[in-house]
Amino acid sequence: MKFRITGSLLSALLIFTSCSTQREVAIFSPNEPTPDHSGMWLMPQLTDIHTTFSNSSINLRPNDIYNPENASIHNSIVRINIEPNGGGTGSFVSPNGLILTNHHVAYDGIATASGLENNFLQSGFYAEKPDEEIPLAGYTLHIPILQKDVTNEFNNRIPDHLPYRNKAQLREQVRQEMIEHHQTNNPDLLVEVSEILSGNRFILSTYKVVRDVRLVYAPEEAIGKFGGDIDNWMWPRHTGDY
């Protein structure tokens, strides 16, 4: 299957904020603590807090949101990696692999695809058919497959009495062994073990890697980058950053 991309972030991993209805609008003072059900959550945590969301007019079942055994919403969110160290997020919006993302995420790819005769940054771009799509060099997609807490596995293999330096060395060794075990020599599989909460928890994430990433559409720069980077971090936004 060919996967396509248009610009950079429409949905990030899985972010849920407090919900409201027409009859009930939640207003929070700057001096009050953030509600427990708002913020960013790890994928396995979504089943634990599902009751909170179901009380906010969300009718999805827990397995509809995250299910490591079958397709669910978590498979529609992709991480977009840009060599050497850039990136963003996007989401599938068609069964043929079309992805919607932000203009600023695809900016480098649009610039690279442009030339003296065709300045796609300035004029925009639209592929009317698949063979007009432009491959984006250095772009890959990472589709989340699995995410789980492996903290106990780390703690069971790292004695508490070791000095900090020895712990750090052993922690890296355990990390590499976990990655190799789950990688299974599959070049289209990416396995990562990340530390969160100041190293108190370890999360293993597995992604399917897609290397065929193409530009289908981008608005002209006057629309896609209207207001510049300052507008990108303000609300309301006035840019067509897609």
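Owing to the predicted nature of the structure, the values given are computational and were not obtained by experimental measurement.

Draft legend 1. Structural view of the nonpolar core. The biggest cluster of nonpolar side chains holds 21 residues, and the ones touching the most others in it are Val78, Ile80, Ile110, Phe125, Tyr139, Leu141 and Leu215. Contributing elements (two or more residues each) for this core: strand S4 (77-82), helix H4 (120-123), strand S9 (139-149) and strand S12 (213-215). Of all hydrophobic cores here, the second largest spans eleven residues; its members include Val150, Val174, Met178 and Leu204.

Draft legend 2. Representation of the packing of aromatic side chains. The final tally for this structure, using the stated rule, is four aromatic pairs. With a centroid separation of 5.0 Å and 70 degrees between ring planes, the pair formed by phenylalanine 120 and phenylalanine 125 is classed as edge-to-face. As far as the burial class goes, phenylalanine 120 and phenylalanine 125 line up, both buried. On the numbers, 6.4 Å between centres and 70 degrees between planes, the contact of tyrosine 126 with tyrosine 217 is edge-to-face. Here tyrosine 217 lies in strand S13 (residues 217-218) and tyrosine 126 lies in strand S7 (residues 125-126), a separation of 91 residues in the sequence. Taken together, the ring pairs connect Tyr126, Tyr217 and Tyr242 into an aromatic cluster. A cation over a ring is seen here: arginine 79 above tyrosine 207, with NZ or CZ 4.7 Å from the ring centre. Sitting over the ring of tyrosine 107, lysine 225 keeps its end group 4.9 Å from the ring centre.

Rules used throughout
- Residues numbered from 1 in each chain as written.
- Predicted model: local features only at pLDDT ≥ 70, side-chain atom pairs only at ≥ 80, totals over all residues.
- Heavy atoms only, no water.
- Core = buried A, V, L, I, M, F, W, Y, C linked by side-chain atoms within 4.5 Å.
- Buried < 20%, exposed > 50% of the residue type's maximum accessible area, 1.4 Å probe, protein only.
- Helix = DSSP H or I, 4+ residues; strand = E, 2+ residues; numbered from the N terminus.
- Phe/Tyr/Trp six-rings, centres within 6.5 Å; stacked < 30°, edge-to-face > 60°.
- Lys NZ or Arg CZ within 6 Å of the ring centre and 35° of its normal.

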